[in-house]
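An overview of the molecular structure
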Amino acid sequence: MNVVLLGIQGSGKGTQAELLSQKYKLPHINVGDSLRENIQNQTELGKIAKSYIDKGELVPDEYVFAIVEDVLNKAEKGFFLDGFPRNLEQAKFLLSKFKIDKFLLLELDEETAIKRILARRQCKKCKKVYNILFQKPEVENVCDICGGELILREDDNKQAIKKRIEKFHHETEKVIKLFKEQSNFITINAAQSLLAINKEIISKIN
Ligand code: AMP
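A brief report on the enclosed structure follows. Note that the coordinates shown come from a computational prediction; the quantities given were computed from them, not determined experimentally. (Residues numbered from 1 in each chain as written. Predicted model: local features only at pLDDT ≥ 70, side-chain atom pairs only at ≥ 80, totals over all residues. Heavy atoms only, no water.)

1. Things to note about the overall build of the protein chain
Rules: Helix and strand definitions follow DSSP, with helices as H or I runs of at least four residues and strands as E runs of at least two, each counted in order from the N terminus. Every radius of gyration here is taken over C-alpha atoms, with the globule rule written as 2.2 Å times N^0.38, N being the number of residues. Relative accessibility decides the category of a residue: with a 1.4 Å probe and only protein chains considered, values under 20% of the type maximum give buried, values over 50% give exposed, and everything between is partly exposed. Whether two residues are in contact is decided by their heavy atoms, any of which lying within 4.5 Å being enough. None of His or the chain ends enter the tally, which takes Lys and Arg as positive and Asp and Glu as negative. A charged residue contributes its charge at one atom only: NZ of Lys, CZ of Arg, CG of Asp or CD of Glu.
Each helix and strand counted, the protein chain has eight helices and eight strands in total. For 206 residues, the compact-globule estimate of 2.2 N^0.38 gives 17 Å, and the protein chain sits close to it at 16 Å. Considered along the principal axes of its C-alpha atoms, the protein chain spans approximately 45 × 40 × 35 Å. Across the 206 residues in the protein chain, those meeting the buried criterion constitute 46%. Taking all contacts inside the protein chain whose residues are at least 6 apart in sequence as the whole, residues at least 24 apart take part in 69%. In the protein chain, 34 side chains carry a positive charge and 30 a negative one; their mean positions are 2 Å apart.

Structure follows, in structure tokens:
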């Protein structure tokens, strides 16, 4: 089962992809996380990616394509892909290389999306994502899993968020329009609780 999750930043793609990955025992592939891993490991790609990510810009396709092709080829039984494609070139690249069984669009209004992003915290160590509004850790600022410190992502500041949302409207919405023409395109109401969204997805992909 190859599934692509689409939606505005803050719509919960990452959280839902993680839940689905646990349920179906298939990898959750997130391009942003792969890029951040490269930054943390101070690779050449990480150095290049950082300058784009900090500003909320998209990392150029040539770098992103290499990551995506490599990780998707390793996911032989299927995947939940989140954060890719974000523009038409990436969409065409994906369709030319992989068969996609479901496209899931998590629909959410911009105002709620921004509120959710500003409440997002990520563990510095294991990268688990929390939300101080509705997905709190047991102890404030401490990861439930590994005890690591919870931080606001560097690009989760108002200016970079605005830029990322602009990119979503200008570039990713064209991708959504293209995928909407496919029969396996599914729309999900992302303005619900985390578990209600999950239930809706599962009932629609089965
Ligand atoms: P995310 O974790 O999905 O919010 O992505 C964080 C940042 O990583 C984005 O603002 C981009 O700079 C970069 N990034 C993630 N996915 C992509 C992609 N598909 N194409 C280009 N850049 C990306």
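From this point, the discussion proceeds with the structure in view.
2. Focus on the sheet that holds strand 7 (residues 150-151)
As a reminder, the rule being used: Pairing between two strands is assigned when DSSP locates at least 2 bridges connecting them.
An order of 6-5-7 is seen for the three strands of this open sheet, with the pairing classed as antiparallel. Of all strands in the sheet, those bounded by a partner on one side alone are strand 6 (129-131) and strand 7. Bridge analysis of strand 5 (residues 120-123) against strand 7 gives two bridges, and the strand direction is antiparallel. Looking at strand 7, one finds that C123 is bridged to L150.

3. Describing the sheet that holds strand 3 (residues 79-82)
Rules: Angles run from 0 to 180 degrees between N-to-C directions of axes, and those axes are lines fitted to C-alpha atoms, restricted for helices to the stretch in contact.
The strand order 2-3-1-4-8 describes an open sheet built from five strands, whose pairing is parallel. The open sheet has two free edges, formed respectively by strand 2 (28-30) and strand 8 (185-189), since each of these has just one partner strand. Sheet twist, expressed as the average angle between the axes of neighbouring strands with direction ignored, equals 25°. Bridging between strand 2 and strand 3 involves three bridges; their strand directions are parallel. By the bridge assignment for strand 3, I29 is matched with L81. Where helix 7 (residues 158-180) meets the sheet, its contacts fall on strand 1 (2-7), strand 4 (102-107) and strand 8, and the angle it forms with strand 1 comes to roughly 135°.

4. Observations regarding helix 6 (residues 110-118)
Applicable threshold: The directions from the helix axis to the C-beta atoms form the arc being described. Polar contact is the term for a pair of N or O atoms within 3.5 Å; when the atoms are in protein, one must be able to donate a hydrogen and the other to accept it, and sequence-neighboring residues count only if both atoms are side-chain atoms.
Of all the residues in helix 6, the buried ones are A113, R116 and I117. Around the axis of helix 6, the buried residues are gathered within 100° of arc, so they sit on the same side. Away from its buried face by more than 90 degrees, helix 6 exposes E111 and K115. For helix 6, the elements touching its buried residues are strand 5, strand 6 and helix 7. Of the residues flanking the start of helix 6, the one acting as N-cap is D109, its side-chain oxygen 3.3 Å from the backbone nitrogen of E111.

5. Details of the site of the ligand
Test applied: Throughout this document, a residue counts as near a molecule or strand when at least one of its heavy atoms sits within 4 Å of that molecule or strand.
Not every one of the 16 residues close to the ligand is listed here, only the nearest: R36, E57, G83, R86 and Q90. At a separation of 2.9 Å, an oxygen atom of the ligand approaches a polar side-chain atom of R36. The separation between a nitrogen atom of the ligand and a polar side-chain atom of Q90 is 2.9 Å. Looking at the shell around the ligand, the element that brings in the most residues is helix 2 (residues 31-40), giving four residues.

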